[in-house]
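# Topology and contacts: notes
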Amino acid sequence: MSEIEVKHLTKTFEQKGIVVEALKDINLNIEAGDIYGIIGMSGAGKSTLVRCLNYLEKPTDGQVIIAGQDLGALSEKELRKQRSDIAMIFQHFNLLMQKNVLDNVCFPLLIQKVNKKEAKERARELLQIVGLSEKEKAYPAQLSGGQKQRVAIARALASNPKILLCDEATSALDPQTTASILDLLKQINKDLGITIVIITHQMAVIREICNRVAIIEHGVLVENGLVEDIFNHPKSQAARELILRDLPELGENVNTPELPERIQTDRKLRIVFSENSAFEPVIANMILKFNTPVNILRADTKNVGGYAKGEMILGLPDDRHLQVDIETYLKEKGLEIEEVTGDV
Amino acid sequence: MFDSTIINMLLEGIRDTLYMTLASTLLGYLFGLPMGILLTVTDRDGIKPNAPVYKALDVVINMVRSVPFLILLILLIPFTRFLVGKSYGSTATIVPLVVAAAPYIARMVESSLKEVDPGVIEAARSMGASNFDIIFKVMLVEARTSLIIGATISIGTILGYSAMAGTVGGGGLGDIAVRYGYHRWQTDIMLVTVALLIILFQIFQTIGMKIASNLDKRK
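Residues numbered from 1 in each chain as written. Chains lettered and ligands numbered in written order. Predicted model: local features only at pLDDT ≥ 70, side-chain atom pairs only at ≥ 80, totals over all residues. Heavy atoms only, no water.

Glancing now at the overall build of chain B. The number of helices and strands found in chain B is 10 helices and zero strands. Helices and strands appear in chain B in the N-to-C order α-α-α-α-α-α-α-α-α-α. Principal axes of the C-alpha set define a box for chain B whose edges measure 65 × 40 × 25 Å. A buried classification covers 49% of the 219 residues belonging to chain B. The contacts of chain B with a sequence gap of at least 6 include a subset with a gap of at least 24, amounting to 74%. Of the roughly 11,000 Å² of accessible surface on chain B, a fraction of 69% belongs to carbon and sulfur atoms. Within chain B, the 15 negative side-chain charges are centred at a point lying 2 Å from the centre of the 18 positive side-chain charges. (Helix = DSSP H or I, 4+ residues; strand = E, 2+ residues; numbered from the N terminus. Buried < 20%, exposed > 50% of the residue type's maximum accessible area, 1.4 Å probe, protein only. Contact = heavy atoms within 4.5 Å. Areas by Shrake-Rupley, 256 points an atom, 1.4 Å probe, with all protein chains shown as cover. Lys, Arg positive; Asp, Glu negative; His and termini not counted. Charge placed at Lys NZ, Arg CZ, Asp CG, Glu CD.)

In structure tokens, the structure reads:
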């Protein structure tokens, strides 16, 4: 039985008489212990999807089944109880600004009528886990973005949830802070066995931490599977675009206006390194062998799920024969290659 | 400058004004606070939208607020007489003051509560908070600075209204100002009462803002 099962989920909104279909017939299975990424451009419907997973948004049609329990069949009261198993963190942290760090972490426990003393003990344990023990008396306004998200994570863990939903949890953070928050999430997943669902528009986040991923475009789930598979062999246009938009640096936006123009003059290849070839100097050897420069338009290698993974986009020389030779050479070296066209 | 009867009268005036202002504010909040909460909760983007309830409250509040206080005072005389037994004096004045203050306070509360970040409310819901929890443990707590500033503004307005009630025998400093300053042309007494009203207003304002800023942890 999957931890989270989404069946034929549809969500429509009505705004001023116009019906907007935010999600169309979504089917997903998320297993216990997964770190499951849901990625899409802004407006794709991913935030709506994650809010359907804890019924903050009620689906128009379809089912959300958490550990065998159909959320749609629960009363309002039962649903509130169920929500203590499904914690959530947010892009803008959403801490109580008038309460100090300790009281923020205690908050969900007090809602669940845990007595104050126990709640405080538990909150201190959690602040230890997220590395903020010395800040328990501070107020959110005195903390940095990363620290606020750590408090939010501690608060989310307070009720011993089985699932943690992260809605663009690192989108407001700088690259270093993003990396440290992702490390913390990884650690929580490993040590506490909590299933994590991550909503993001950054492929880098998915590659850094997720084992599975679903790609949402215009409310439709276009592709899902293992991160490795999708990253190496993206089938959908949406997946390809998301991979190409992704920069080596976490959290940066790629859309510099001059970039497409420069690339368009060249024939471009996207090369995917597998675990065996990531640390071989393939490109350097190729340049030596053909005695011709290639233009490295983008390059990135990463640790994905314990394997060295990477990609590069090369602008090839104009000579057609040379292009064929280079492609053949790269294939011989066991690299995945595909031509990249037009609108990168 | 003044003999002891006049000084005593002024002291009683201060006492009556404080009595009317504070009692009316308190009672005003007794009715206005729940009304403000109800407005926020039942509004379209509230935590439990309910158009009929919102609309009904909205209309009643606007109706009462659009009547000038002086007219309200006169309109309510039969009601006041029914409740208090007479229509003059400071206790009687509390009745129209509360009727005028409650809708004003409701609007103040509504605008304070609407400042609460919807994200924080969503976070609370995601933790399994009930609407009751959200109102009392999130909205009222997060909005407390703004609520206290609202109360400070309200108390100032009610102080002004209480002085206005003096024109129809409401008691307090306003009453003295009208009787001596207007009817008897004793400008000196009128100026003193005005000065006293200004001082009272300043005290309320200073204390209110001080409390609000001490409670604000957002900085």
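Time to look at the nonpolar core. One finds Ile26 and Leu28 of chain A to be the most contacted residues of the largest nonpolar core, which totals 66 residues. For this core, the element with the most residues is helix 5 (residues 90-114) of chain B, which contributes eight residues. Residues within four places of Ile26 of chain A in sequence aside, it is in contact with Val6, Lys7, His8, Leu9, Leu49, Ile216, Gly219, Val220 and Leu221 of chain A. Among the nonpolar cores identified, the runner-up in size contains 52 residues, and Ile181, Ile188, Val205 and Ala239 of chain A belong to it. (Core = buried A, V, L, I, M, F, W, Y, C linked by side-chain atoms within 4.5 Å.)

Right, let's talk about the interface of chain B and chain A for a bit. Facing 24 residues of chain B, the contacting portion of chain A comprises 23 residues. Taken together, the two surfaces of chain B and chain A that pack against each other cover about 2,100 Å², and 56% of this comes from carbon and sulfur. Contact with chain A buries surface across chain B, with Ser126, Met127 and Lys217 of chain B losing the most and accounting together for 30% of the total. Of the charged contacts in the structure, one is a salt bridge between Glu122 of chain B and Arg51 of chain A, with a shortest N-O distance of 2.4 Å. Our count for the contact surface shared by chain B and chain A stands at eight residue pairs in polar contact (both at pLDDT 80 or more). Broken down by secondary-structure element, the contributors of at least two residues to the side of chain B that touches chain A are helix 6 (118-126), helix 7 (131-142) and helix 8 (144-164) of chain B. When its residues are assigned to classes, the side of chain B that touches chain A shows eight nonpolar, five polar and 11 charged. (Buried area = accessible area lost by both parts, 1.4 Å probe. Salt bridge = Lys/Arg side-chain N within 4 Å of Asp/Glu carboxyl O. Polar contact = N/O pair within 3.5 Å; in protein donor to acceptor, adjacent residues only side chain to side chain. Nonpolar A, V, L, I, M, F, W, Y, C, P; charged D, E, K, R; others polar.)

Turning to the domain arrangement of chain A, a few remarks are in order. Where the parts come together, the accessible area they lose is often given as the size of the interface. All names here are of chain A. Split by domain assignment, chain A resolves into domain 1 (4-236) and domain 2 (258-340). Distance from the C-alpha centre of domain 1 to the C-alpha centre of domain 2: 36 Å. Buried area between domain 1 and domain 2, summed over both chains or domains, comes out near 900 Å², and the portion from carbon and sulfur atoms is 48%. Of all residues in domain 1, the largest losses of buried area upon contact with domain 2 belong to Arg207, Phe231 and Asn232, amounting jointly to 60% of the total for that side. At the boundary of domain 1 with domain 2, the tally comes to zero salt bridges. Our count for the contact surface shared by domain 1 and domain 2 stands at one residue pair in polar contact (both at pLDDT 80 or more). Of the residues contributing to the side of domain 1 that touches domain 2, the split by class is three nonpolar, two polar and three charged. (Domains from an automatic or database assignment.)

Residue and element names in this part refer to chain A. Its location among the elements puts Gly315 in strand 13 (residues 307-316). With a relative accessible area of 3%, Gly315 lands in the buried category. Counting along the chain gives 232 residues from Gly315 to Arg83, while the straight-line C-alpha distance between them is 50 Å.

Turning next to the packing of aromatic side chains. With the rule as written, the count across this model stands at three aromatic pairs over all chains. Residues Phe290 of chain A and Tyr329 of chain A carry aromatic rings whose centres are separated by 5.8 Å and whose planes lie at 90° to one another, so their mutual orientation is edge-to-face. Within this pair, whereas Phe290 of chain A is found in helix 11 (residues 282-290), its partner Tyr329 of chain A is found in helix 12 (residues 320-332), the two being separated by 39 residues in sequence. In this pair, the class of Phe290 of chain A matches that of Tyr329 of chain A, namely buried. With a centroid separation of 4.4 Å and 5° between ring planes, the pair formed by Phe69 of chain B and Tyr161 of chain B is classed as stacked. Taken together, the positions of Phe69 of chain B in helix 3 (residues 69-75) and Tyr161 of chain B in helix 8 put the pair 92 residues apart, joining distant regions of the chain. Between the NZ or CZ atom of Arg270 of chain A and the centre of the ring of Phe231 of chain A, over which it lies, the distance is 5.5 Å. Positioned over the ring face of Tyr180 of chain B is Arg184 of chain B, at 4.3 Å from the centre of the ring. (Phe/Tyr/Trp six-rings, centres within 6.5 Å; stacked < 30°, edge-to-face > 60°. Lys NZ or Arg CZ within 6 Å of the ring centre and 35° of its normal.)

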